[in-house]
Amino acid sequence: MENVEEFYDQLSSSYSDLIRKCVPRYDELLNNMFLYLNADFKPLRILDLGCGTGNLTQKIIEHFPDTQIDALDLSEDILEECKKRFANKSNINYIQADFKTMHLPAAEYDLVMSSIAIHHVEDPFKLELYKNVYQSLKKGGIFIFADQTRGITDDIYFKNIDCWKEGAFKLGSTEENWKMWMEHQDAHDHHSPIGWHLDNLKNAGFEEVDLLSKYLMWAICWAKKH
Ligand SMILES: C[S@@+](CC[C@H](N)C(=O)[O-])C[C@H]1O[C@@H](n2cnc3c(N)ncnc32)[C@H](O)[C@@H]1O
């Protein structure tokens, strides 16, 4: 089995199509990440962690067309797809890096966002990432991420997976697609319960932490630096 980088390298050209057939209410999830930002919030610099082919980056551009955006991903090939997609934009800076180990610049960002990416690292690295994001935000800066979570019991978790499968097939996923996602999940995914995320965002220093929404296993978390 390939590692996470190789998996997304291989998937790069088909990713945008496959993810829309895989995640129920995917666009709604991405749109809801912006719901709680005040109209007068005008970020100067935004980081998209695990940008993939740029589906969240696209929404960021729609909300903040003139803002400087750093689009970061581990996979060189998927980052290339993102570059091609936004070739006509001059306000996007592409960074190939591993958010498990990289050190983000201090007090640089007004907003850090991430969709369906953080679950690729184990819990101790998630906590380190939350600390890293905290120090990279300016005072008043906001971290919003959407991700897959684990249920507090196995029953809840596996019910969510069953509902996900049903939803993915309705969206057009095939048995082969589902097998590929499940093999990837078993090898690389580290889902944590929502309570774990909220506690560890606080442990990382965030003064204001909340769960903005949750549908099946997909949650949106908010964390603000005062
Ligand atoms: C499921 S995709 C999500 C992409 C995009 N955010 C979206 O919503 O469509 C996960 C992305 O996270 C990236 N990723 C996984 N682990 C990473 C890491 N440790 N550092 C940087 N990027 C990572 C993968 O390469 C992949 O592009």
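Our subject is the structure listed above.
1. Concerning the overall build of the chain
Then comes step 1: Helix and strand content of the chain: nine helices and eight strands.
Then comes step 2: The C-alpha atoms of the chain give a radius of gyration of 17 Å, which matches the 17 Å a tight globule of 226 residues would have.
Then comes step 3: The dimensions of the chain, computed from C-alpha atoms along their principal axes, are 45 × 40 × 30 Å.
Then comes step 4: Counting the 226 residues in the chain, one finds 54% classified as buried.
Then comes step 5: Sequence separation of at least 24 residues holds for 73% of the intrachain contacts in the chain that already meet a minimum separation of 6.
Then comes step 6: Element-wise, carbon and sulfur atoms account for 50% of the exposed surface of the chain, whose accessible area totals about 10,400 Å².

2. A look at the packing of helix α1 (residues 4-11) against helix α8 (residues 175-188)
Then comes step 1: Axis separation between α1 and α8 bottoms out at 11 Å; the angle between their running directions is 160°. Considering their axes alone, α1 and α8 lie roughly antiparallel with respect to each other. For the crossing formed where α1 meets α8, the hand is left-handed. Of α8, the residues touching α1 (which contributes V4, F7, Y8 and L11) are M180, W181, H184 and H188.

3. Structural notes on unusual backbone geometry
Then comes step 1: Phi is positive for A107, close to 45°, though the residue is something other than glycine.
Then comes step 2: Looking at the secondary structure, you find A107 in the loop between β3 (92-96) and β4 (109-115).
Then comes step 3: For A107, a relative accessible area of 48% gives the class partly exposed.
Then comes step 4: Backbone geometry at I116 places phi at a positive 50°, although glycine is not the residue there.
Then comes step 5: Take I116: it is sitting in the loop between β4 and α6 (123-136).
Then comes step 6: On the basis of relative accessibility, which here comes to 12%, the residue I116 falls in the buried class.

4. What about the packing of aromatic side chains?
Then comes step 1: Per the counting criterion, the structure on display carries 13 aromatic pairs.
Then comes step 2: Measuring from centroid to centroid gives 5.0 Å for F7 and Y8, while their planes differ by 90°, and the two rings are edge-to-face. Grouping residues by exposure puts F7 and Y8 together as buried.
Then comes step 3: Residues W164 and W178 carry aromatic rings whose centres are separated by 5.0 Å and whose planes lie at 80° to one another, so their mutual orientation is edge-to-face. Taken together, the residues span a long stretch of sequence, with W164 in helix α7 (residues 154-170) and W178 in helix α8 at a distance of 14 residues.
Then comes step 4: For W164, a relative accessible area of 4% puts it in the buried group.
Then comes step 5: A relative accessible area of 8% means that W178 is categorised as buried.
Then comes step 6: By way of ring pairs, the aromatic residues Y130, Y134, F143, F145, W196 and F206 are connected into one cluster.
Then comes step 7: Geometry around Y215 places R25 over its ring, the cationic atom sitting 3.8 Å from the centre.

5. Let's talk about the nonpolar core
Then comes step 1: One finds M33, L37, L111, I144, W164 and W181 to be the most contacted residues of the largest nonpolar core, which totals 48 residues.
Then comes step 2: By size, the runner-up hydrophobic cluster in this structure holds 30 residues, among which are L72, F99, V112 and L201.

Procedures and definitions
- Residues numbered from 1 in each chain as written.
- Predicted model: local features only at pLDDT ≥ 70, side-chain atom pairs only at ≥ 80, totals over all residues.
- Heavy atoms only, no water.
- Helix = DSSP H or I, 4+ residues; strand = E, 2+ residues; numbered from the N terminus.
- Rg over C-alpha atoms; globule rule 2.2 N^0.38 Å.
- Buried < 20%, exposed > 50% of the residue type's maximum accessible area, 1.4 Å probe, protein only.
- Contact = heavy atoms within 4.5 Å.
- Areas by Shrake-Rupley, 256 points an atom, 1.4 Å probe, with all protein chains shown as cover.
- Axes fitted to C-alpha atoms, helices over the stretch in contact; angles between N-to-C directions.
- Parallel < 35°, antiparallel > 145°, perpendicular 65-115°, else oblique.
- Left-handed = near helix turned anticlockwise from the far one by under 90°.
- Phe/Tyr/Trp six-rings, centres within 6.5 Å; stacked < 30°, edge-to-face > 60°.
- Lys NZ or Arg CZ within 6 Å of the ring centre and 35° of its normal.
- Core = buried A, V, L, I, M, F, W, Y, C linked by side-chain atoms within 4.5 Å.

Take it as geometry only, folks, not as evidence of what the structure does.
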